[in-house]
Amino acid sequence: MARYNTVARALHWTIAVLLIGNIVGGLLHEPLEDVVQIMPVHKAIGMTVLALSLARLAWRIVSRTPPLPAHMPKWEVGAAHATHTLLYVLMIGLPLSGWIFSSAGKYPLNWFGLFDIPKFAITKENPLVGIAHEGHEVMAFIAIALIVLHIGAALRHHFVLKDTVLRRML
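The present account deals with the structure reproduced in this document.

Along the polypeptide, H136 turns up in helix α4 (residues 127–160). In this structure H136 comes out as buried when scored by relative accessible area, which is 17%. Ignoring any residue separated from it by four or fewer positions in sequence, one finds H136 in contact with H42, L94, S97, G98 and F101.

Put into structure tokens, the structure is as follows:
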């Protein structure tokens, strides 16, 4: 059985855990803001997801992926490729949009208190800030739907079709 290489698997699972955790943190930050300040960690994790996603995209371009099973119909292969492409767009677009609108805020951006992340030269009056903020929220909900679809498809392949699709990434 052909599998993704170690680098691809490590990036996949690291980004998956960070992205899902960050979406949960983003959804819960307002109800929990009197208890814990999630947003500094949310922003640092977002920047980590951005860096790892760019590395993953570069790795994806230069390394081979294992072939999909021959029994998969063309529509399913197309759906898989479209879903993966949209996930890459979201893994980069979500943190980038957060970085844009956070740059207009009064709080510093830093990576887990270790170093500052430069802000974009943008103010709250810039229309791009509002677009980035709204886009960030919309992309998060699209990401939730695609993650559920992705997990559901992997589980279908493993438990219903009993093929090697999920095992390629384990």
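A few words on the nonpolar core. If you look at the biggest cluster of nonpolar residues, it comprises 16 residues, and the most contacted ones within it are L19, L94, A143 and I147. Breaking this core down by element, the ones donating at least two residues are α1 (6–28), α2 (39–62), α3 (74–103) and α4. Apart from the residues lying within four places of it in its own chain, the contact partners of A143 are I23, L90 and L94. With six residues, the next largest nonpolar core counts L50, W99, L109 and I117 among its residues.

Below, the discussion takes up the environment of A2. Locating A2 in the fold gives a position in the segment before α1. Residue A2 is classed as partly exposed on the basis of its relative accessible area, which comes to 40%. Between the C-alpha atom of A2 and that of E30, which follows or precedes it by 28 residues, the distance is 44 Å. If near-sequence neighbours (up to four positions away) are discounted, A2 is found in contact with P66, P67 and R168.

Criteria and cut-off values
Residues numbered from 1 in each chain as written. Predicted model: local features only at pLDDT ≥ 70, side-chain atom pairs only at ≥ 80, totals over all residues. Heavy atoms only, no water. Helix = DSSP H or I, 4+ residues; strand = E, 2+ residues; numbered from the N terminus. Buried < 20%, exposed > 50% of the residue type's maximum accessible area, 1.4 Å probe, protein only. Contact = heavy atoms within 4.5 Å. Core = buried A, V, L, I, M, F, W, Y, C linked by side-chain atoms within 4.5 Å.

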